[in-house]
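Residue strings, one per chain:
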Amino acid sequence: MNRIHNFSAGPAILPLEVLQKAQEEFVDYKGTGTSIIEKSHRGADYVEVDAKARERLVQLLGLGDDFEVMFLQGGASTQFLMAPYNFLSEGETADYINTGTWSTKAIKEAKRFGNVNEAFTSADSNFHRVPTDDELSLTDDAKFVHFTSNNTIFGTQFPLEPETNGVPLVCDASSDFLSRPIDISKYGIIYAGAQKNLGPAGVTVVIVNKQFLATSNKSDIPTMMNYNTHAGKMFNTPPVFGVYMVGLVLEWIQEKGGLDYFKTFNEEKAGLLYNEIDADDFYRGTAEERSRSNMNVCFRLGNEDLEAKFLTEAKAYHLDALKGHRSVGGIRASIYNACPRESVVALVDFMKDFRSKNG
Ligand SMILES: *Cc1c(COP(=O)(O)O)cnc(C)c1O
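In short, a report on the structure. All figures in this text were calculated on a predicted structure; none of them were measured in a lab.

### Some words on helix H7 (residues 240-256)
Item 1. In this model H7 runs 25 Å from its N-terminal to its C-terminal C-alpha over 17 residues, within 8% of the 24 Å that 1.5 Å per residue would give.
Item 2. Note on H7: the residue one or two positions beyond its end, Gly-257, has a positive phi of about 130°.

What follows is the structure, encoded as structure tokens:
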């Protein structure tokens, strides 16, 4: 087997153990004579898969009875619409913290439903930082405060949840969900497309606080867009393969040691890269130091020709998918939970070698 060092931003690397387990039981799921994706989603086998995945999320995040877990479709992009559809009406205001492309898209959708107060933006510095709490201009009676916990494209991450004085957070955690512990009590909603840190594309994990859900009093929400449709029941066919894979990834996270383990592991991996970036001026990190992401490490070299050379030569070392997003340029190493330490070490070794030949 010849797996590359995969630094793809998404869909992204999955744990090899998970891929192998899925492969083993794919054609004949637990001796039932069919795969898990050829069975009724109301049958005992899938219902168990679904229930176990929920249970693992409850355990990992310490969710009490006051949270609903939903496995929805349409990606994080649908949540940009669904959250304000359910929680924002004309004349009401929601605070949005704008830290990049994804927040900007979320703001565009929210404006269809009510007032959006942009509580902070780092657009003028090409989103190279996230705010400190005292930089936020929050609205007194905001329905919620939306933020993007990790900014996949610009390589920034909130070190902690923003302080909102009790106003529920609505969080797009697509690219750092389950990469570290969080204080779930602060969240009205946390949502994540699976394809970065959690599983294959096609399923979005959405966790909604029930008290917050009770504050949604709109009557004109189309059925599939209404969180109440999905709360506590399987309304329509869920993305069964995605949920099954997410379940395997959750099991793997638990076996490794849970969110505390991954916090340390991810900090260590990112530290190896930032250390190399900071060694001298050859590599230049694009994010402000306090705002640096442990998931997407973005950096530039002296000029674009050198960056192109870096990417080409990296390929020869099986270091793949390192090209930065077109809006930032340069290099981006996405090092989610499933990225092994060996891959990061291989990249650091290559960076040292490339510097010594081109510096
Ligand atoms: C990738 C990404 C998205 C888009 O997710 P889709 O599932 O493609 O809709 C949204 N937000 C963040 C933070 C992302 O990284």
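### Some remarks on the pattern of salt bridges
Item 1. Applying the stated rule across the entire model yields 21 salt bridges.
Item 2. Two residues, Glu-288 and Arg-290, come together in a salt bridge whose shortest N-O distance is 3.3 Å.
Item 3. By relative accessible area, Glu-288 is classed as partly exposed at 23%.
Item 4. Across the salt bridge formed by Asp-320 and Lys-315, the nearest N and O atoms sit 3.6 Å from each other.
Item 5. Overall, Asp-320 belongs to the partly exposed group, its relative accessible area being 23%.

### Concerning the state of the cysteines
Item 1. Summed over all chains, the structure comprises zero disulfides.
Item 2. Counting only cysteine sulfurs, Cys-298 is the nearest neighbor of Cys-171, a cysteine outside any disulfide, at a range of 18 Å.
Item 3. Here Cys-298 is not cross-linked by a disulfide; its sulfur's nearest cysteine counterpart is in Cys-339, at 14 Å.

### Some points on the sheet that holds strand S4 (residues 115-121)
Item 1. With mixed pairing, seven strands are arranged side by side in an open sheet as S2-S10-S9-S8-S5-S3-S4. Two strands close off the open sheet at either side, each with one partner strand: strand S2 (67-72) and S4. Within this sheet the neighbouring strands show an average axis-to-axis angle of 15°, counted without direction.
Item 2. Its contacts with the sheet place helix H3 (residues 75-87) against S2, strand S3 (93-98), strand S8 (169-172), strand S9 (187-193) and strand S10 (204-209), and it is angled at close to 160° to S9.

### Overview of the packing of helix H2 (residues 44-61) against H7
Item 1. As a packed pair, H2 and H7 sit with axes 9 Å apart at the nearest point and diverge in direction by 40°. Compared by their axis directions, H2 and H7 come out oblique. Between H2 and H7 the crossing geometry is left-handed. Between H2, through Tyr-46, Val-49, Asp-50, Ala-53, Arg-56, Leu-57, Gln-59 and Leu-60, and H7, the contact on the second element is made entirely by Val-240, Val-243, Tyr-244, Gly-247, Leu-250, Glu-251, Ile-253 and Gln-254.
Item 2. In terms of residue class, the contact of H2 with H7 is built from ten nonpolar, three polar and three charged.

### Side note on the packing of aromatic side chains
The way to describe two aromatic rings as a pair is by their centre distance and the angle between their planes.
Item 1. Applying the stated criterion across every chain yields a total of 24 aromatic pairs.
Item 2. An aromatic cluster is built from Phe-282, Tyr-283, Phe-299, Phe-310, Tyr-317, Phe-350 and Phe-354, whose rings are joined through pairwise contacts.

### Here we look at the environment of His-5
Item 1. Structurally, the position occupied by His-5 is in strand S1 (residues 5-6).
Item 2. Along the backbone, His-5 and Lys-315 are 310 residues apart, and their C-alpha atoms lie at a distance of 9.4 Å.
Item 3. Ignoring sequence-local partners within four residues, the contact set of His-5 consists of Tyr-317, His-318, Leu-319, Asp-320, Glu-342, Ser-343 and Ala-346.
Item 4. Separated by 2.7 Å, the side chains of His-5 and Ser-343 make a polar contact.

### As for the site of the ligand
Item 1. Contacts to the ligand come from 13 residues, most closely from Ser-77, Thr-152, Asp-172, Gln-195 and Lys-196.
Item 2. Contacts to the ligand include Ser-77, whose side-chain N or O atom sits 2.6 Å from an oxygen atom.
Item 3. Within the side chain of Asp-172, a nitrogen or oxygen atom sits 2.6 Å from a nitrogen atom of the ligand.
Item 4. Classifying every residue of the shell around the ligand gives three nonpolar, eight polar and two charged.

### A look at unusual backbone geometry
For residues besides glycine, phi is generally negative; the peptide bonds are generally trans as well.
Item 1. At the junction of Gly-10 and Pro-11, the peptide bond is cis and its omega measures out at -15° in the coordinates.
Item 2. Following the sequence through the fold, Pro-11 ends up in the loop between S1 and helix H1 (16-24).
Item 3. Phi at Phe-127 takes a positive value of approximately 55°, unusual for a residue other than glycine.
Item 4. With respect to the helices, strands and loops of the structure, Phe-127 is situated in the loop between S4 and strand S5 (145-148).
Item 5. With a phi close to 55°, Asn-165 is a non-glycine residue in the positive phi region.
Item 6. Locating Asn-165 in the fold gives a position in the loop between strand S7 (156-157) and S8.

Calculation criteria
Residues numbered from 1 in each chain as written. Predicted model: local features only at pLDDT ≥ 70, side-chain atom pairs only at ≥ 80, totals over all residues. Heavy atoms only, no water. Helix = DSSP H or I, 4+ residues; strand = E, 2+ residues; numbered from the N terminus. Expected span 1.5 Å × (residues − 1). Salt bridge = Lys/Arg side-chain N within 4 Å of Asp/Glu carboxyl O. Buried < 20%, exposed > 50% of the residue type's maximum accessible area, 1.4 Å probe, protein only. Disulfide = S-S within 2.5 Å. Pairing = 2+ DSSP bridges. Axes fitted to C-alpha atoms, helices over the stretch in contact; angles between N-to-C directions. Contact = heavy atoms within 4.5 Å. Parallel < 35°, antiparallel > 145°, perpendicular 65-115°, else oblique. Left-handed = near helix turned anticlockwise from the far one by under 90°. Nonpolar A, V, L, I, M, F, W, Y, C, P; charged D, E, K, R; others polar. Phe/Tyr/Trp six-rings, centres within 6.5 Å; stacked < 30°, edge-to-face > 60°. Polar contact = N/O pair within 3.5 Å; in protein donor to acceptor, adjacent residues only side chain to side chain. Near = heavy atom within 4 Å.

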